[in-house]
Amino acid sequence: MKTMLAKLMLAASVIGGGLQAAAAETANIWVRADGSNFMPRIVDAFNKAHRDQIKLDIIPNAEIIPKYGAAAAGGTAPDALSLDLIYTPSFAAAGQLEDITDWAKSLPYFSSLSPAHVKTGTYKDRIYGLPFSADASVLIWNKKLFKQAGLDPEKGPTNWAEIEADAEKVNALGGDIKGFYFSGNCGGCNIFTFTPLIWASGGDILSEDGSKATLDSPQLRGAIDLYRSMVKKGLVPEGAQTDTGANFFAAFAGGKIGLSPSGAFAIGALNTQYPDVDYGITFLPGKDGGWSSFAGGDNFVVTKGTKKIAVVKEFLDFAYSLEGQTILAKYGSLPVRNDIAKDALKDLDPRYQVAAEAMAKGRTPYSVVFNDLINSANGPWTQMINEVFFGDDVDGAIKNAQETMQSIIDQAPNK
Amino acid sequence: MASIAVTSAPARTRTATSLRQWIGLLYVLPAVAFVVVFFVVPLGMTAWMSLNNWPLMGEHSFVGLDNYVAILRDTRFWNALKFTFYYTVVVTIAIFAVAFPLAIFIERPRPLTNLYRTAFFMPAVVGFASASLLWSWLLNVDSGLFSPAAYDLGLTAKKVNLLATFQPAFWSIIAMVVWKVAGFTMIILMTGLQSIPQDLQEAAVIDGAGPFARFRAITLPLMRRTLALALILSVAGSILAFDQFYIILRGGPRNQTLTAVYWIFNQSFVSFKLGYGAALSMVLLVILVALSLIQLWLLRKPEGLD
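Residues numbered from 1 in each chain as written. Chains lettered and ligands numbered in written order. Predicted model: local features only at pLDDT ≥ 70, side-chain atom pairs only at ≥ 80, totals over all residues. Heavy atoms only, no water.

1. Focus: the overall build of chain B
Item 1. Assigned secondary structure in chain B consists of 14 helices and two strands.
Item 2. The C-alpha extent of chain B, read off along each of the three principal axes, is 90 × 70 × 30 Å.
Item 3. Within the span of chain B, comprising 306 residues, buried residues form 38% of the whole.
Item 4. A fraction of 68% describes how many contacts in chain B between residues 6 or more apart in sequence connect residues 24 or more apart.
Item 5. Accessible area for chain B stands at about 17400 Å²; split by element, carbon and sulfur atoms hold 71% of it. (Helix = DSSP H or I, 4+ residues; strand = E, 2+ residues; numbered from the N terminus. Buried < 20%, exposed > 50% of the residue type's maximum accessible area, 1.4 Å probe, protein only. Contact = heavy atoms within 4.5 Å. Areas by Shrake-Rupley, 256 points an atom, 1.4 Å probe, with all protein chains shown as cover.)

2. Focus on helix 11 (residues 224-239) of chain B
Residue and element names in this part refer to chain B.
Item 1. Helix length check: helix 11 (16 residues) gives 22 Å between terminal C-alpha atoms against 22 Å at 1.5 Å per residue, within 8%.
Item 2. Taken as a whole, helix 11 has its buried residues at Thr226, Leu227, Ala228, Ala230, Ile232, Ser234, Val235, Ser238 and Ile239.
Item 3. The elements touched by buried residues of helix 11 are helix 4 (75-107), helix 8 (166-194), helix 10 (211-222), helix 13 (260-269) and helix 14 (274-298). (Expected span 1.5 Å × (residues − 1).)

3. Observations concerning the pairing of strand 6 (residues 129-142) of chain A
Residues and elements named next belong to chain A.
Item 1. Taking burial as the measure, the 14 residues of strand 6 include 14 buried ones, the bulk of the element.
Item 2. As judged from the seven bridges shared by strand 6 and strand 12 (residues 295-302), these two strands associate in the antiparallel manner. Bridged to Leu130 within strand 12 is Phe300.
Item 3. Of the strand pairs in this sheet, strand 6 and strand 8 (residues 257-263) are connected by five bridges, and their pairing is antiparallel. Across the sheet, Ile140 pairs through a bridge with Ser260, a residue of strand 8.
Item 4. Here strand 6 runs beside strand 9 (residues 279-282); their pairing, made up of four bridges, is antiparallel. (Pairing = 2+ DSSP bridges.)

4. Thoughts on the domain arrangement of chain A
All names here are of chain A.
Item 1. Domain boundaries assigned for chain A yield domain 1 (26-135 + 296-360) and domain 2 (136-295 + 367-411).
Item 2. One C-alpha centre belongs to domain 1, the other to domain 2; they are set 27 Å apart.
Item 3. Counting from both sides, the interface comprises 21 residues of domain 1 and, opposite them, 25 residues of domain 2.
Item 4. Interface of domain 1 and domain 2: buried area, both sides summed, is about 1800 Å²; carbon and sulfur atoms make up 64% of it.
Item 5. Looking at the side of domain 1 facing domain 2, the largest losses of area belong to Ile86, Asp135 and Arg351, adding up to 34% of the total buried there.
Item 6. If you look at where domain 1 meets domain 2, you find one salt bridge. (Domains from an automatic or database assignment. Buried area = accessible area lost by both parts, 1.4 Å probe. Salt bridge = Lys/Arg side-chain N within 4 Å of Asp/Glu carboxyl O.)

5. Some details on the UniProt feature "domain: ABC transmembrane type-1" (unreviewed entry) in chain B
Item 1. As annotated in UniProt, the feature "domain: ABC transmembrane type-1" (unreviewed entry) corresponds to residues 81-295 of chain B in the numbering used here.
Item 2. Across residues 81-295 of chain B, helical content stands at 74% and strand content at 0%; the span's end C-alpha atoms are separated by 19 Å. (UniProt positions renumbered as here; feature names shortened; annotations may be inferred.)

6. A look at the pattern of salt bridges
Item 1. As enumerated under the stated definition, the model contains 20 salt bridges over all chains in all.
Item 2. For the salt bridge of Glu162(A) with Lys155(A), the shortest nitrogen-to-oxygen distance reads 3.3 Å.
Item 3. Glu107(B) is paired through a salt bridge with Arg108(B); the nearest N and O atoms lie 2.4 Å apart.
Item 4. Within the structure, one salt-bridge network assembled from shared partners comprises Arg32(A), Asp34(A), Asp84(A) and Asp298(A).

7. Re the packing of helix 5 (residues 113-121) of chain B against helix 8 of chain B
Residue and element names in this part refer to chain B.
Item 1. Close contact between helix 5 and helix 8 brings their axes to 8 Å; oriented N to C, the two are set at 135 degrees. What the angle tells us is that helix 5 and helix 8 run oblique. Residue-level contacts link Arg117, Phe120 and Phe121 of helix 5 to Gly183, Phe184, Met186, Ile187, Met190 and Gln194 of helix 8.
Item 2. The residue makeup of the contact of helix 5 with helix 8, split by class, is six nonpolar, two polar and one charged. (Axes fitted to C-alpha atoms, helices over the stretch in contact; angles between N-to-C directions. Parallel < 35°, antiparallel > 145°, perpendicular 65-115°, else oblique. Nonpolar A, V, L, I, M, F, W, Y, C, P; charged D, E, K, R; others polar.)

8. Digging into the state of the cysteines
The bond known as a disulfide is covalent and runs between the sulfur atoms of two cysteines.
Residue and element names in this part refer to chain A.
Item 1. Going through the model one piece at a time under the given rule, you end up with one disulfide over all chains.
Item 2. Here Cys186 engages in a disulfide with Cys189; their sulfurs sit 2.1 Å apart. Judged by the sign of its S-S torsion, about 80 degrees, the cystine formed by Cys186 and Cys189 is right-handed.
Item 3. Since its relative accessible area comes to 9%, Cys186 is described here as buried.
Item 4. Accessibility expressed as a relative area gives 9% for Cys189, which makes it buried. (Disulfide = S-S within 2.5 Å.)

9. With respect to the packing of helix 11 of chain B against helix 14 of chain B
Geometry of a packed helix pair, given as the angle between the helix axes and the separation of the axes.
Residues and elements named next belong to chain B.
Item 1. Interhelical geometry of helix 11 versus helix 14 gives an angle of 160 degrees and a closest axis separation of 10 Å. When the interaxial angle is binned, helix 11 and helix 14 end up roughly antiparallel. In the packing of helix 11 onto helix 14, the handedness of the crossing is right-handed. The segment helix 11 lies against helix 14, with Arg224, Leu231, Ile232, Val235, Ala236 and Ile239 engaging Leu284, Leu288, Leu291, Ser292, Gln295, Leu296 and Leu298. (Left-handed = near helix turned anticlockwise from the far one by under 90°.)

10. Quick notes on the side chain of Thr120(A)
All names here are of chain A.
Item 1. Residue placement: Thr120 occurs in helix 6 (residues 115-120).
Item 2. At 2.9 Å, the side chain of Thr120 forms a polar contact with the backbone oxygen of His117.
Item 3. Look past the residues within four positions of Thr120 in its chain and what remains in contact with it is Leu85, Thr88, Pro89, Asn299, Thr364, Pro365 and Tyr366. (Polar contact = N/O pair within 3.5 Å; in protein donor to acceptor, adjacent residues only side chain to side chain.)

11. As for the interface of chain A and chain B
Item 1. Opposite the 24 residues of chain A that make contact, chain B presents 21 residues.
Item 2. Taking both partners together, chain A and chain B bury about 2000 Å²; carbon and sulfur atoms supply 51% of that area.
Item 3. It is Glu238(A), Thr242(A) and Asn378(A) in chain A that bury the most area against chain B; as a group they hold 29% of the surface buried on that side.
Item 4. On the surface where chain A and chain B come into contact, there are one salt bridge.

12. Quick word on the pairing of strand 1 (residues 26-32) of chain A
Residues and elements named next belong to chain A.
Item 1. Within strand 1, six of the seven residues are buried, which leaves it mostly tucked inside the rest of the structure.
Item 2. Bridge analysis of strand 1 against strand 2 (residues 53-59) gives seven bridges, and the strand direction is parallel. If you follow Trp30 over to strand 2, its bridge partner there is Asp57.
Item 3. Where strand 1 meets strand 3 (residues 80-84), three bridges bridge the pair, whose relative direction is parallel. Each bridged residue has a counterpart across the sheet, and for Val31 the counterpart in strand 3 is Ser82.

If you want it as structure tokens, here you go:
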């Protein structure tokens, strides 16, 4: 009995001592599954080098929003999370996020942070989110198929006419080989890869502040005609019409597609999983040249009222260091600090440089109802792209989408 | 003994009766508790949520009947409901058209009856989500079964994407649901068929009634209750259809196969308007209860039939 008591006391003193030694705090952070490659690495590196610790939870992509909402309602939300950047305005509008404007502006490299991220992280002139990970849309082409088709395998298309001509030549190889691929029933995929064609030609689908839908433009119509023409000529596989995004990457990776709009993530994925596919990367061009890109990725946001904000800032500071940015780049995200992006990418596949450049000038539409407008599988954008690429009534589809989008914007609770 | 008790002490009988009732209550208490915790309370919470503007994040606020007023103007919900009814009618007819002959076929013992029963019933034990995933692959234009098979056999000039336009997509779903559900309905109908006394049929044969007359005058009327059960199960299941349209079609092509539950799901978990979703659920609940009552009334026991 006595020895047991002694043991207990010893144990208690050890625990007590341990607690004293580590006055360090642990902050809890969530990330969606898209970040499951780089996030654990960067957290590990941080935890090794710091007394304060980060506990990371990886949440399936589709569940992170509802799960966070439920946790916030129950008072068990994580201290911070890496959030798909397009959601930042709606989270900020819901009063869920900590205002980090002063801290953000005190960062010496604030002006070099990805402008698209900072823009979506800003709500009513206050900053609620800062860039964490990044992905930019680009055009990829299969060099082997280009060579077989008699095209220059080192030169990607630089305008719409060239896209179509190249796709046609590759398609002429016949058999299972097709010229072009896109996920024809996936709103998220097409906002990422189709709108840059419009932007690069001078059009847009939403006004700058997200208060007006602007679908009725010659640029949108022109880009639609490009896709329609390729569908009509049979350059696109049948499955594209019903692809809700499952084949967004896999179709090109199969090695039987000439050209496909995609994202920077494809570089890492192709290099590691499909080393046999020889591909080139270029910008998504405008009708007569020029280029644009969708700047995607995650914003880092802090839950309102968290007590661990110091740890969270320490972590973010680490992520912004050259070491942090290099880890990010190595494991599948583009750097988000433009001033050191080149250094962070210098030992990696040179094709990343194209993507990084695309990212630096990338754009992101701003809306508090982005999900309802664009990403939702049953939203007006998804419905429209499917109708205009494959259907008969292009004008009716655009008109319908314009009206539905505008009414969703007008009914949004926090404009 | 009993008569003595009754005559001598009516008061005691009352206590005995009430005691028995209390004991009875005790027996059903676990079931009652179950229903209260898992049905009545959530139902009450849903009703309360439907009176609030209840976003996923941030504060909720009481808005009275605003959500219900909004439903009146929500044309996409009414379209979804219209489609749901259309689907329910088509799929119910289809299920019965397949299940009834199957039930008659397997009702009487004959060689291999058990094998047939098992084979027909098998798909019913597959979950709707798993069955949808299976068919999602079968219907895939590039790597599935139907389109590539038809193409390879030379039936079609190119691979046809069955899910790209409404008619083939809709009928593919109907085929899948019939495959999945008909076995279950068949078993219900079979028990109904077996409960019809054989001598009635024999008497009718002696009276010279043909097979069709017997089916109409004996089988159908005596199966009222079984039919009511099968019908209500089928209609309720179809009105609540979601999995197959979500998994196989994503509500497409072009949002033409959005069902009522799908719309509720979208409002609640895509747009995060939980209060509005709750109001839609209450409306659907009322519609479903009304439909079930109508069916029970239509298939009620006619006067004079025991």
